[in-house]
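Coordinate analysis (summary)
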Amino acid sequence: MVNTKRGLVLGATAAALTAVTVTGAGLHLSQSQAFFQESPKELVDEVWQIINLHYVDATFNHVDWKQVRQDYVKSREYSTKQDAYEAIREMLKKLDDPYTRFMDPQEFQNMQIDTSGELTGVGIQLTKDEETDELVVISPIEDTPAFEAGIQARDVITKIDEQSTEGMDINTAVNLIRGKAGTDVTLTIRRGTEQIQFTVKRARIEIHPVRYSLQESPTGPVGYIRLNQFNANATSEMRAAIQDLESKNVSGYIMDLRSNPGGLLHASVQIASMWIPQGTIVSTVNRIGSPEVQSANGKAMTDKPLVVLVDGGSASASEILSGALQDHKRGVLVGTKTFGKGLVQSVRGLGDGSGLAVTIAKYLTPNGRDINHEGIAPDVEIDLTDEQRQQIRRENLIGSPQDPQYAKALQVLQQEIAASRRQQAEAPSLK
C-alpha cells in the first residue's frame with residue numbers, strides 16, 4: 001500500500017512526539033488482520049518487500065538484502081506477532097537508518113492523529129545521533145509542557161524516569177515518554193557538559209501551527225508570522241495569515257521557522273508557493289536517481305520583502321521552504337545553520353495494524369543543494385546564548401524587540417524595504 005504525496009513525512013524523525021498525518025493507513029486492516037495474526041511470517045515478508053521496492057538506497061547500506069530475506073523469512077518460523085515484530089526491527093536495523101522503522105499497532109496508533117492537530121505527550125521531537133547513537137531533541141513544540149519546562153533543541157536525553165537511554169531506540173523512548181495526560185515524566189538532559197533534570201507533566205496539546213501579528217517599525221507596519229510545524233492545518237492557516245496582513249497593507253514580512261522540526265511535504269510546497277511566483281521549489285530524488293520536481297503554482301500572494309528566521313531546530317520541511325526562498329532570492333535568512341535533514345519518509349499501514357516508515361527519497365533545493373547533514377547556512381548569522389534562550393522562553397519574548405534574532409531580522413527587513421522602495425522609485429515610468 002503506497003501512500004500519496006500528501007502522506008510523505010519530512011519531520012526530523014517520524015517517530016516523534018508530535019503530529020504526523022498518515023495517508024492511506026488502516027484501509028484494509030479488518031479483512032487482513034486475522035491473516036497476519038495467523039501467519040506472522042507474512043508480515044515480516046511484507047516489510048522486506050516494501051524495503052526492497054522503495055528504499056532510497058539501492059545498496060541497502062551495502063547489505064545483501066536478498067540474504068536478509070533468506071535469513072528472516074525463508075529460514076525462520078514465527079509463532080507469535082511479537083516474534084515477528086522483533087525480527088522486523090532486527091532486519092531494519094541493518095539499514096542503519098534511524099528514519100526507517102517499524103511501529104507496532106499501539107505505536108502506529110500514537111502516530112496517527114486527526115486533522116484537528118491534537119496530540120498527547122510533552123511536545124518534543126526526537127532523533128538519534130548517527131555518530132553517538134544518543135537520543136537528541138530536535139526541538140520542543142512551542143507552548144507545550146516540554147517547551148515551558150525549558151527543554152531546548154540539541155539537548156541529549158540521557159535518562160527517562162531514571163532509566164538510561166544508552167542503546168535505546170526511538171520507539172522505546174517514545175513509549176516511555178508518552179503516557180496519560182496529567183501524569184509526570186522525568187527527563188535527564190545533557191546540555192554541553194551540564195546535566196539537567198526536568199519533571200514534565202504530560203498533557204493533551206492542541207497545535208495551531210501558525211501565529212501572526214502586526215508589528216510597527218520605522219518603515220511601516222510589518223507582518224510577523226511564526227510557523228511551528230508543517231501539519232495538516234499549516235497551509236490554510238498560513239494563507240489566512242497572509243491575507244489578513246495584506247489587508248492591513250504591511251510593508252514586509254518576518255517568517256519565523258526557528259525550532260520548526262518539519263512535517264508534511266505537500267505543506268512545505270504549498271506554503272513556498274505563497275511567496276515564490278514561479279520556478280522549482282524542491283526536487284525529490286529516488287533510489288534510481290529519477291528526480292520529481294515540484295514547482296510554484298503561479299499563485300504567490302505577495303511580493304513584499306521577506307526575512308526568514310532559522311536555527312538548528314529548523315529541520316526538513318523548514319529547510320525545503322527556507323532553501324527555496326534563499327535560492328530564488330525571495331527571502332533573506334537570518335539566524336543560525338539549520339538542522340540538516342534532507343530525507344523523505346513514506347508512512348504506511350501494514351496488514352495487522354502496525355506501521356512502517358521508510359525513507360524513499362532525498363530532496364534537493366532549487367539550485368540542487370543536498371542539505372542532508374550539512375544544513376542551510378543563513379545569509380545573516382546571529383546566535384543566542386543559553387541564557388538568552390531561557391529568558392526568551394521564560395518571559396515569552398519570542399518575536400519581540402527583546403529577542404535578539406528577531407531584532408536583527410527586523411533590521412535586515414527594514415533595509416530590504418528601503419532597497420525595494422528605491423528600486424520602485426528608479427524604475428522607468430510606463431506613462
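Side note on the overall build of the chain
Secondary structure summary: the chain contains 12 helices and 20 strands in total. Across the 431 residues that make up the chain, the buried fraction comes to 57%. Taking as baseline every contact in the chain between residues at least 6 positions apart, the subset at least 24 positions apart corresponds to 72%. Here the chain displays about 18,400 Å² of accessible surface, and carbon together with sulfur accounts for 46% of that area.

So, the confidence of the model for the chain
Here the chain averages 87 in pLDDT, while 88% of its residues score no lower than 70. Considering only residues more than four positions removed or in separate chains, one finds that residues 11-37, a stretch of pLDDT under 50, has 92 contacts.

A word on the packing of helix α9 (residues 265-273) against helix α10 (residues 317-327)
The geometry of α9 relative to α10 is characterised by a closest axis approach of 9 Å and an angle of 25° between their N-to-C directions. Classed by the angle they form, the pair α9 and α10 counts as roughly parallel. With respect to the hand of their crossing, α9 and α10 are arranged in right-handed fashion. Contacts from L265, S268, I271 and A272 of α9 reach α10 at A317, I320 and L321. Of the residues assigned to the contact of α9 with α10, the class counts are six nonpolar, one polar and no charged.

Looking at the sheet that holds strand β20 (residues 380-381)
With mixed pairing, six strands are arranged side by side in an open sheet as β11-β12-β13-β16-β17-β20. The sheet terminates laterally at β11 (210-215) and β20, the two strands that pair on one side only. Where strand β16 (residues 306-310) and strand β17 (residues 332-335) come together, four bridges link them in parallel fashion. Across the sheet, V310 pairs through a bridge with G335, a residue of β17.

Re the pattern of salt bridges
Tallying each qualifying case throughout the model produces 18 salt bridges. With its nearest N and O atoms 3.8 Å apart, the salt bridge here joins K159 to E162. Among the salt bridges present, the one from R226 reaches D256, with a minimum N-O distance of 3.0 Å. Separated by 30 residues along the polypeptide, R226 in strand β12 (residues 222-227) and D256 in strand β13 (residues 252-256) bring together distant segments of the chain. The residues R226 and D256 share a single accessibility class, namely buried. Where salt bridges share partners, they join R226, D256, R258 and D403 into one cluster.

Structural notes on the packing of aromatic side chains
All told, the structure shown has six aromatic pairs when counted by the stated rule. Relative to W65, the ring of W48 has its centre 6.3 Å away and its plane inclined at 10°; by these criteria the two rings are stacked. Residue W48 is located in helix α2 (residues 40-54), and its partner W65 is located in helix α3 (residues 65-74); the two are separated by 17 residues in the primary sequence. Look at W65 and you get buried, because its relative accessible area is 2%. Judged by centre distance (5.1 Å) and plane angle (80°), the rings of Y253 and W275 are edge-to-face. Separated by 22 residues along the polypeptide, Y253 in strand β13 and W275 in the loop between α9 and β14 (280-285) bring together distant segments of the chain. Judged on exposure class, the residue Y253 and its partner W275 are both buried. Over the face of the ring belonging to W48 we find R69, whose NZ or CZ atom lies 5.3 Å from the ring centre. If you follow K341 out to its NZ or CZ, it ends over the ring of Y99, 4.8 Å from the centre.

Describing the nonpolar core
Ranked by size, the top nonpolar core spans 65 residues in total, and within it I51, M238 and W275 carry the most contacts. Residue contacts for I51: discarding those within four places in its chain leaves F60, W65, L92, L95, T100, R287, L356 and V358. In this structure, A146, I157, I160 and I196 belong to the second largest nonpolar core, which totals 20 residues.

Thoughts on unusual backbone geometry
Positive phi values are uncommon outside glycine, yet D133 reaches one of about 65°. Turning to its location among the elements, D133 is positioned in the loop between β4 (124-128) and β5 (135-140). Under the relative-accessibility criterion, D133 is labelled partly exposed at 39%. Unlike most non-glycine residues, E162 shows phi in positive territory, near 70°. Following the sequence through the fold, E162 ends up in the loop between β6 (156-160) and β7 (163-164). Relative accessible area serves as the criterion here: at 51%, E162 is assigned to the exposed category.

Describing the side chain of D352
Along the chain, the position of D352 falls in the loop between β18 (343-349) and β19 (355-364). The buried charged residue D352 lacks any salt bridge partner; its closest oppositely charged side chain belongs to K81, at an N-O distance of 4.0 Å. In this structure the side chain of D352 is engaged in a polar contact, spanning 2.5 Å, whose partner is the side chain of S354.

Comments concerning the pairing of β16
The element β16 is extensively covered by neighbouring structure, given that five of its five residues are classed as buried. Both faces of β16 are covered, namely the face carrying L306, V308 and V310 and the face carrying V307 and L309. In this sheet, β16 lies alongside β13 in parallel orientation, the contact comprising four bridges. Bridge pairing in β16 links I254 to V307. This β-α-β element, β16 to α10 to β17, shows right-handed connectivity.

Rules behind the numbers
Residues numbered from 1 in each chain as written. Predicted model: local features only at pLDDT ≥ 70, side-chain atom pairs only at ≥ 80, totals over all residues. Heavy atoms only, no water. Helix = DSSP H or I, 4+ residues; strand = E, 2+ residues; numbered from the N terminus. Buried < 20%, exposed > 50% of the residue type's maximum accessible area, 1.4 Å probe, protein only. Contact = heavy atoms within 4.5 Å. Areas by Shrake-Rupley, 256 points an atom, 1.4 Å probe, with all protein chains shown as cover. pLDDT = per-residue confidence, 0-100. Axes fitted to C-alpha atoms, helices over the stretch in contact; angles between N-to-C directions. Parallel < 35°, antiparallel > 145°, perpendicular 65-115°, else oblique. Left-handed = near helix turned anticlockwise from the far one by under 90°. Nonpolar A, V, L, I, M, F, W, Y, C, P; charged D, E, K, R; others polar. Pairing = 2+ DSSP bridges. Salt bridge = Lys/Arg side-chain N within 4 Å of Asp/Glu carboxyl O. Phe/Tyr/Trp six-rings, centres within 6.5 Å; stacked < 30°, edge-to-face > 60°. Lys NZ or Arg CZ within 6 Å of the ring centre and 35° of its normal. Core = buried A, V, L, I, M, F, W, Y, C linked by side-chain atoms within 4.5 Å. Lys, Arg positive; Asp, Glu negative; His and termini not counted. Polar contact = N/O pair within 3.5 Å; in protein donor to acceptor, adjacent residues only side chain to side chain. Right-handed = clockwise from strand over helix to strand, strands pointing away.

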